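An overview of the molecular structure
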Amino acid sequence: MAQATSPPETRPEDEAQAPRYSSDAAGLGKARAGAFAAPALLLIAVFLVFPALWVLYLGLTNYRLTGTAAAEPQFVGLDNLLDAVSNPTFWSSTWLTVQFVLGSAVIGQVGLGFAIAWLLRDRRGPLKRVVEGLVILAWILPSAIVSFLWVALLDRDGGTLNALLGLPGFAWLLDHPMLSIIVFNTWRGTAFSMMLYGAALGNVPPSHLESARLAGASGWQQLRDVVFPHIRGHILTNLLLISLWTFNDFSPFLLTAGGPDGKSEVLAVHVYKVALQSGELGYGAAVSTIILLINLVVAVFYLRLLRSKK
Amino acid sequence: MAAIELRGLTKVYPGGVRALDALDLVIPDGEFFALLGPSGCGKTTLLRTIAGLETATGGAVVIGDRDVTGVQPGARDVAMVFQDYALFPHMDVTDNIAYPLRIKKVSKNDRRDKAAEVGARLGLEHLMDRRPGQLSGGQQQRVALARVMATQAQAFLFDEPLSNLDARLRLEARTFLKKLQRELGVTTVFVTHDQAEALAMADRMAVMESGHIRQIGTPAEVFQRPANTFVAGFIGSTPMNLLDGVVRGDTLEVAGCKVAVPAAAEGRLSDGGKIVYGVRPEYMTYSAEPADGALGGKVSIVENLGASHLVTLDVNDVNVQAVVPEGSEPAVGDDGYALPRRDRALVYLDGELV
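- Chain B carries the name Carbohydrate ABC transporter ATP-binding protein (CUT1 family) in an unreviewed UniProt entry, which gives Nonomuraea fuscirosea as its organism.

- Identification of chain A as Carbohydrate ABC transporter membrane protein 1 (CUT1 family) from Nonomuraea fuscirosea is taken from an unreviewed UniProt entry.
- Regarding chain A, the UniProt comment filed under Sequence similarities (unreviewed entry) reads as follows: "Belongs to the binding-protein-dependent transport system permease family."
- UniProt, in the comment section headed Subcellular location (unreviewed entry), describes chain A in these words: "Cell membrane".

Laid out in structure tokens, this is it:
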């Protein structure tokens, strides 16, 4: 009782120990914790923060890959940005990118990934392992190999798909370039969504689904009333990541090189073409800045949804 | 409202586990029926098979006049309260209660009226706009009950309805559930592993063990005359004394003592036969003085049960327990004599009641 009624007497001891044992979880104190984090922060600064800032700066100059402007770039202010928004190729690229994101990310990867996860949720055994194995294989193979496989699959003369469909001479990559890269990217990236939803569905309490079944809810009603509300956070996080990844994805270039005639020139490909093929680094950096802004808008949109009251 | 009938109901899980083995059971209309047993005995599987959440491997489930064995859960006209209540966290109390009605396409106003009516009956009227996360365990349970009541189903199924409540609330909820069931008069089957809960609430009960029903009866029948040594050992908050013995003419030799043959077994035992003699500690009269037909020994343990004490006697190396009223409990080491009540003692031959 005496100890309990006299806390002030024990205070000085606690304070005396405070410098040695800091109140943070690891007990390091700010200086030492900072020292541990510094190498990582330095790497991030050098390889992520600096290039991003450098792109912002380049976008304001007439910097080129070759010529006088390469040696002595001039500050041109917002000229590059104004050029971009008045350039019809930029707008067609933006529109193609929107199609690419909606088609291959939102509908393709998220839809297909969820569908596979939902259909396999109660399954055990070889079927589940084979399906998951194939989907994940498409995800982990290097891009170079995967694009070669797809070029071989879609080739006009000796392509596997034409042989299977009995359509010799059908030029998929020339006649349907957007469809080709959308299907390709769906195939390529579904694994991430499938695994994310597989884990999320495991968190839906079985009794909630059973409760809905006993009330007579159909499959769709069970999804609407039980599953989606439970995995809402997973869906939004997944959409955010997949949208941003797909928006900035460069691998369509490996299949179509943006062609034919710019019909599959999504923004990432557009930047590559103007900056490195045409050498207009300043203009390319300005378009990159716009891409960055669009990414920010998309991210803020999803994060707001995520934070809003359910 | 309807009776439930099970005919030869069998459930074998993939892998060969026989969870239900050809069960026959009739639960009359309006009865409050308990399925009791240790974990893994098949009681929850039985409840889920009645609900349709598990498909029967063989046999039939009949609710009312309808064979529902192959019918989807939603079309069986039964409602269930789950152990975790299964309230939808993103819906308020009103929407949770009205959910089954929404699936049945009842108009929005009718649903709200019904939810308000049922909610008021269970004392939820001031909570109707809250989410389940803002409710206490007891309140969540009442919401789950309200959802079941709003469906006006033929039968209610409760899976361990009290196990998620804390001990004090559990006793209140027990009384409340029993009263509610009586008022509604809906056939109700509930699963529990707690024998006290089953005894307290049920009109009738089935005691299950590894896929079989070992006894069906009223709580009084099951408590006073367990049909076999399994039920005898499972029922009762203090376990029944089950003592090996031998028939010696007109008496039984149990733990080295001579006791009288119980009234119900008189004339039905053969001399020299091995039996198990069963008597509940509550049905023993304890005394410090020797008595004819009593089991005598040294007091080895005295446990306080509140208003009484559980005394363990060491009778020739066999433990015999007796309940002693407060005030007259012996001290450890005393000599004591426990006289079984002849009308309550039981004899088991090969595990079955004689």
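From this point, the discussion proceeds with the structure in view.
1. Let's talk about the UniProt feature "domain: ABC transporter" (unreviewed entry) in chain B
- Residues annotated by UniProt as "domain: ABC transporter" (unreviewed entry) correspond here to residues 4–235 of chain B.
- Split by type, residues 4–235 of chain B is 37% helix and 25% strand. Its first and last C-alpha atoms lie 25 Å apart.

2. Describing the domain arrangement of chain B
Residues and elements named next belong to chain B.
- By domain assignment, chain B separates into domain 1 (4–234) and domain 2 (241–353).
- Summarising the inter-unit geometry, the C-alpha centres of domain 1 and domain 2 are found 39 Å apart.
- Contacts between the two partners involve eight residues from domain 1, matched on the other side by nine residues from domain 2.
- Here the side of domain 1 that touches domain 2 takes three residues from helix 8 (residues 229–234), the largest share from any one element.
- For the side of domain 1 that touches domain 2, the per-class residue count stands at three nonpolar, four polar and one charged.

3. Examining the confidence of the model for chain B
Residue and element names in this part refer to chain B.
- On average, residues of chain B carry a pLDDT of 91, and 100% of them reach 70 or more.
- For chain B, helix 5 (residues 167–184) is the element with the lowest average pLDDT, namely 89, and strand 3 (residues 32–36) is the one with the highest, namely 95.
- Among the scores for the predicted complex, ipTM is 0.84 and pTM is 0.80.

4. Things to note about helix 13 (residues 219–247) of chain A
All names here are of chain A.
- The terminal C-alpha atoms of helix 13 lie 33 Å apart, and with 29 residues this falls more than 12% below the ideal 42 Å at 1.5 Å per residue.
- Along helix 13, the sharpest kink reaches roughly 60°, centred on Arg232.
- Among all positions in helix 13, only Gln222, Asp225, Val226, Val227, His230, Ile231, Ile235, Asn238, Leu239, Ile242, Ser243 and Thr246 are buried.
- On its buried face, helix 13 sits against helix 6 (88–119), helix 11 (177–201), helix 12 (206–214) and helix 16 (281–307).

5. A look at the interface of chain B and chain A
- Taken together, the contact pairs 16 residues of chain B with 15 residues of chain A.
- Listed by contribution, the elements that provide at least two residues to the side of chain B that touches chain A are strand 6 (78–81) and helix 2 (93–103) of chain B.
- Per-element accounting of the side of chain B that touches chain A gives the leading share, three residues, to helix 2 of chain B.
- Looking at the side of chain B that touches chain A, its residues break down into 12 nonpolar, two polar and two charged.

6. Structural notes on helix 1 (residues 43–51) of chain B
All names here are of chain B.
- Helix 1 sits mainly inside the fold: nine of its nine residues count as buried.
- When we look at burial in helix 1, the residues that qualify are Lys43, Thr44, Thr45, Leu46, Leu47, Arg48, Thr49, Ile50 and Ala51.
- Of the residues one or two after helix 1, Gly52 is the one with positive phi, at around 95°.

7. As for the packing of helix 15 (residues 267–277) of chain A against helix 16 of chain A
Residues and elements named next belong to chain A.
- Direction vectors running N to C along helix 15 and helix 16 enclose 165°, while the axes themselves pass 8 Å from each other. One finds that helix 15 runs roughly antiparallel with respect to helix 16. Here helix 15 runs over helix 16; the crossing is left-handed. Of the residues in helix 16, those in contact with Leu267, His270, Val271, Val274 and Ala275 of helix 15 are Leu281, Tyr283, Gly284, Val287, Ser288 and Ile291.
- A class-by-class count of the residues in the contact of helix 15 with helix 16 yields eight nonpolar, three polar and no charged.

Conventions used here
Residues numbered from 1 in each chain as written. Chains lettered and ligands numbered in written order. Predicted model: local features only at pLDDT ≥ 70, side-chain atom pairs only at ≥ 80, totals over all residues. UniProt positions renumbered as here; feature names shortened; annotations may be inferred. Helix = DSSP H or I, 4+ residues; strand = E, 2+ residues; numbered from the N terminus. Domains from an automatic or database assignment. Contact = placed C-beta atoms within 7 Å. Nonpolar A, V, L, I, M, F, W, Y, C, P; charged D, E, K, R; others polar. pLDDT = per-residue confidence, 0-100. Expected span 1.5 Å × (residues − 1). Bend = angle between axes of the 7 residues up to and from the residue. Buried ≥ 20, exposed ≤ 12 C-beta atoms within 10 Å, placed from the backbone. Axes fitted to C-alpha atoms, helices over the stretch in contact; angles between N-to-C directions. Parallel < 35°, antiparallel > 145°, perpendicular 65-115°, else oblique. Left-handed = near helix turned anticlockwise from the far one by under 90°.

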